[in-house]
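Take a look at the letters that make up each chain.
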Amino acid sequence: MTESAGDLPKKENRRISTLLTRRGGLIFLLIILLVTFGTFTYAYQQATNQVKEETRHELITAATLIAARVDGDRVAALSPGDEGTPEFIALRDELARARDEVPSIRFAYIMREEADRVVFVVDADYGTAPDAAKIGQVYPDPPPDMREGFVRPSADRDFTTDQWGSVLSGYAPVRADDGTVTGLVGVDMDQSLVVERSRFMGWTAFFGVFAIILIAAGGVVYFERLRGKKDRELEASVERYRAFFSTSRDSVFITSKEGGWIDVNKAAVSLFGYRDREELMKTPVIDIYADPEERARHLSVIDSRGYSVEYPVLLQKKDGTRIHAQITSVAKRDGTGKITGYQGIIRDVTAEVHAREALENSELRYRTFIDSMNDMAFLKDPDHRYVVANAELQRFFGLPEAGIVGKTDFQLMEEGAAEKCVASDNEALVSEKPVITEERAGDRIFETRKFLVRPEHGTIFIGGYIRDVTESRNAELAMQESEEKFRELFNNAGDVIFLHELNAWDAPGRFIEVNRVACERLGYSREEFLTMTPEDIDAPGTRDHVPAVMRELAKNGHATFEGVHVKKSGEQVPVEISAHIFEFRGRKVVLSIVRDITERKIFQEKLAESLDQISRNMVQFAVLNDQIRNPLQVIMGEMMLDREPDRNRILDQIAKIDGLISRLDRGYLESEKVREFLQRHYGLKGERKDR
């Protein structure tokens, strides 16, 4: 059968229509393919980015929790060559334990900034891996995210490649007790692990394109597997952080944004004094804050930054006991970035706060003390630079402390004086005893005492104080001159002088000092006297009066009495003693001035004999007077009756004899006056016999 001419156009139309239909289908298929490919490409990129962001968040959280467990003061103290010290080993082991608790972390280390470089301090692999970093090893070309880690928790946005491989890293600052940053903790996750997490996305996209026809089924499988993957990752993450909960010595928590507990570890239960975990979980988070408004302030910090590091807060236990704490926390977010809760650690720093307060109080008392001193006080470092200068030293230099600290003596005084100061500084650095020097500045004299100050840790210092001793030195000089004059008078006195102490019963004790006259007159040397007491030189018959003398001394402070001293040769000497009691160098002593009264005794004896003789003469005068006068009176009476011519001549002779008798009477009266004078002024006694 042959085709007609009319059938050709129809067949051509059908062929064109078929071609158009096929082309349209191909175009439609191509559009679907492009849309599907674009959709899956976008989903893959979003999923990959989500995996990377979750990994970054995981690294930041791990670095922050590890940094909270690291002692920042130890990090600051480590120097190259300290790899074998207990401090380094303790930090390395802490890093290794924290790294092993999170299996996804490959490397953990601590770095610090030195000038414009970043250097390693502690590598968790040190001692187990040959390529582990040593203290001071420089990390080449640190990325910006690492630099940011010295300020706040951060993570690399892209993979970095170095001699240890290609990794994604997280960082968190390490702080000392005073809050200063001393380094950072870095944790690395191997690129292969992150790629493995993302690989699932690539295979999903591949099968999505392959299953264009089964878009719906493929989509369901994709999203179900994606959700399952995330669930497994979440479970793994929970298990990893559960390891932190069970092993951390600090209190680890997870809370909701509304203020409920999601999880806590045993350390938190113990810290807040609850019976068990269930009891604490029933307690609102706000109840552990001493000031409920403090939680709102704390959350505002986390919400604005995404984290808080060692946030200081006052918390309270179940029984109301207040505790000082530092909270390091990060915000938990959902897929949209909305904050759903918080997780972190609570560190009890009550003991540290009390210790710091005690130190501050101690420093305040120390500062108040040295600024209240009348002496100039200072502290210098081994380079002779002032570290502390008290108020008196500031007045001396005419500068505030800020103008003195950090300077040397060469910058504050003349070169000659500064050289002497540095010389005594160096002597104090090597001497176990205080170094005492004395210098004259103008008309003033200054005494400086310098000594070594050794704190429990750190650099040694030179401490010292400077005292103006002008008045005391002048007083000492005056006293020395006075003592010399006293000594001269003491030894050149004509009388014996003793100085002796009193014993516990206020009885005479040993001689403390004797003068030269005492040694010469009694025959003992000064050394012999200083082993003797007054009783050793008293005559045996004169010791009974000592108690009465001591009572008079105690009552009046002085006493004068007579005694008899015995020379070394045995000769006895009558003496008159004038004793005075007074305080000398904190104890009671007696000063005795002893006068030899031998001549006085002899004189008194002669006077007594003279008095007796006068008394005897006066008796004789009286007898003679009576014996002569009575006969004369008889003769005169007879003559008055007789008228003979010789009577006048006889009377004249009688008158002369009567005159002689009158003169004898006047002599008697004068002898009586002499006797009364001797008795009154010399205490002499004699018999009085009246006529």
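Residues numbered from 1 in each chain as written. Predicted model: local features only at pLDDT ≥ 70, side-chain atom pairs only at ≥ 80, totals over all residues. Heavy atoms only, no water.

K.L.:
How would you sum up the pattern of salt bridges? Please name residues and give values.
P.N.:
Enumeration over the complete set of coordinates arrives at 45 salt bridges. Put simply, Glu294 and Arg297 hold a salt bridge, and the shortest N to O gap is 2.6 Å. Pair noted here: Glu294 and Arg297 are both in helix H9 (residues 292-305), with a separation of 3 residues, about one helical turn. Between Glu501 and Arg587 there is a salt bridge, with its nearest N and O atoms 2.9 Å apart. (Salt bridge = Lys/Arg side-chain N within 4 Å of Asp/Glu carboxyl O. Helix = DSSP H or I, 4+ residues; strand = E, 2+ residues; numbered from the N terminus.)

K.L.:
Lay out the confidence of the model for the chain in plain terms, naming residues and giving numbers.
P.N.:
Taken over all residues, the pLDDT of the chain has a mean of 81, while the share at 70 or more is 74%. Taken as a whole, residues 1-11 scores under 50 in pLDDT and shows 2 contacts with residues more than four places along the chain or in a different chain. Across residues 18-22, where pLDDT falls below 50, the model places 0 contacts with residues more than four positions away in sequence or in other chains. (pLDDT = per-residue confidence, 0-100. Contact = heavy atoms within 4.5 Å.)

K.L.:
Lay out the pairing of strand S16 (residues 461-468) with the relevant residues and their values.
P.N.:
In the sheet, strand S12 (residues 376-380) pairs with S16 via 5 bridges, with the strands oriented antiparallel. What sits directly across from Lys380, in S16, is Ile462. Taken together, the 8 bridges between strand S15 (residues 444-453) and S16 define a ladder with antiparallel strand orientation. Counted as the bridge partner of Leu452 is Ile462 from S16. (Pairing = 2+ DSSP bridges.)

K.L.:
Could you give an account of the sheet that holds strand S17 (residues 496-502), naming the residues involved and the relevant values?
P.N.:
Within the open sheet, the 5 strands sit side by side as S18-S17-S21-S20-S19. Their pairing is antiparallel. Of all strands in the sheet, those bounded by a partner on one side alone are strand S18 (508-514) and strand S19 (558-566). Between one strand axis and the next, the sheet turns by 35 degrees as a mean value, whatever way the strands run. Bridge count for S17 against S18 is 4 bridges, and the pairing is antiparallel. Pairing of His500 across the sheet is with Phe511, part of S18. Across the sheet, helix H17 (residues 546-556) is in contact with S17, S18, S19, strand S20 (572-584) and strand S21 (587-596); its angle to S19 comes to roughly 150 degrees. (Axes fitted to C-alpha atoms, helices over the stretch in contact; angles between N-to-C directions.)

K.L.:
Residues and numbers for the pairing of strand S5 (residues 165-175), please.
P.N.:
With 9 of its 11 residues buried, S5 lies for the most part within the structure. Direction of pairing for strand S3 (residues 154-155) relative to S5: antiparallel, over a ladder of 2 bridges. Residue Ala155 lies in a different strand from S5, and its bridge partner there is Gly170. Looking at chain direction, strand S4 (residues 160-162) and S5 are connected through 3 bridges and run antiparallel. Each residue of the ladder has a partner; that of Thr161, found in S5, is Ser166. (Buried < 20%, exposed > 50% of the residue type's maximum accessible area, 1.4 Å probe, protein only.)

K.L.:
So, the environment of Val138: which residues are in play, and what are the values?
P.N.:
Here Val138 shows up in the loop between strand S2 (117-123) and helix H4 (144-148). In this structure Val138 comes out as partly exposed when scored by relative accessible area, which is 36%. For the pair Val138 and Arg112, spaced 26 residues apart in the sequence, the C-alpha separation amounts to 9.9 Å.

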